[in-house]
Amino acid sequence: MAQVKLGGTYKSYTGGRTEFDVEAKNIREILSGLAVLCPDLKPVLDKGVTVAIDGQIFRNAWFQPVRPDSEVHILPRMAGG
């Protein structure tokens, strides 16, 4: 299971939790799994977030593979080009 860490700004949607273990093969499954575990977080995830996997940042890469031992960070959406 991937270890998923949320930025502190998301604690109000998760009952104070910032770490979750999520069974997923890609970013889309990570976000779907988090939405199931924390339904209040779903609208925030739907608006868009930035995902870092093992230190590499991904945006809009829904099918980017996630290894079972990956560390995944969910961060506020980053703007820019």
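Everything in this summary refers to the structure shown in the same document. Along each chain, numbering runs from 1 in the same order as the chain's sequence is written. Selection of residues for local features in this predicted model requires a pLDDT of at least 70, selection of side-chain atom pairs for listing and counting requires 80 or more, and totals for whole chains, interfaces and linings are taken over all residues. Side-chain metrics rest on all non-hydrogen atoms present in the structure, leaving aside hydrogens and water.

### Focus: the nonpolar core
The nonpolar side chains of a soluble globular protein tend to be buried, and buried together. Heads up, the condition is: Nonpolar cores are built from buried Ala, Val, Leu, Ile, Met, Phe, Trp, Tyr and Cys residues. Side-chain atoms within 4.5 Å join them into one set. Only protein chains enter the area calculation, which uses a 1.4 Å probe; residues under 20% of their type maximum are buried, those over 50% are exposed, and those in between are partly exposed. Here a helix means four or more residues in a row that DSSP labels H or I, a strand means two or more in a row labelled E, and each is numbered from the N terminus. Any two residues whose heavy atoms approach within 4.5 Å are treated as being in contact.
Counting residues in hydrophobic clusters, the biggest one holds 23 residues, and the most contacted among them are I30, L34, L41, L45, V51, V72 and I74. For this core, the secondary-structure elements that each account for two or more residues are β1 (2-6), β2 (19-22), α1 (27-37), α2 (42-47), β3 (49-53) and β5 (71-76). Among the elements that take part in this core, α1 stands out by supplying five residues, more than any other. The contact partners of V51, leaving out residues within four places of it in the chain, are I27, L31, Q56, I57, F58, V72, H73 and I74.

### As for α1
Counted only if it meets this: Pairing of N or O atoms within 3.5 Å defines a polar contact, subject to two protein rules: one partner must be a possible hydrogen donor and the other a possible acceptor, and residues neighboring in sequence count only if both atoms are side-chain atoms.
Looking only at α1, the buried set comprises I27, I30, L31, G33, L34 and A35. By the N-cap criterion, in which a side-chain oxygen at the helix start approaches the backbone nitrogen of a residue two or three places on, α1 is capped by N26, the distance to R28 being 3.1 Å.

### Some details on the sheet that holds β3
To keep things clear, this is the line we draw: Paired strands are those between which DSSP finds at least two bridges. Between N-to-C directions, angles span 0 to 180 degrees; the directions come from axes that are lines fitted to C-alpha atoms, helices contributing only their stretch in contact.
What the five strands build is an open sheet, ordered β2-β1-β5-β3-β4; its pairing is mixed. Looking at which strands have only one partner, the edges of the open sheet turn out to be β2 and β4 (56-58). On average, each strand axis in the sheet is inclined to that of its neighbour by 30 degrees, with strand direction left out of account. Pairing geometry for β3 and β4, over three bridges, is antiparallel. Considered in β4, the bridge of I53 is made with Q56. On the sheet, α1 packs against β1, β2, β3, β4 and β5 and is oriented at approximately 120 degrees with respect to β2.

### What about the pairing of β5?
Pairing of β1 with β5 involves four bridges; the strand directions are parallel. By the bridge assignment, K5 is partnered in β5 with H73. Across five bridges, β3 lies against β5 in antiparallel orientation. When the sheet's bridge partners are listed, V49 is paired in β5 with P76.

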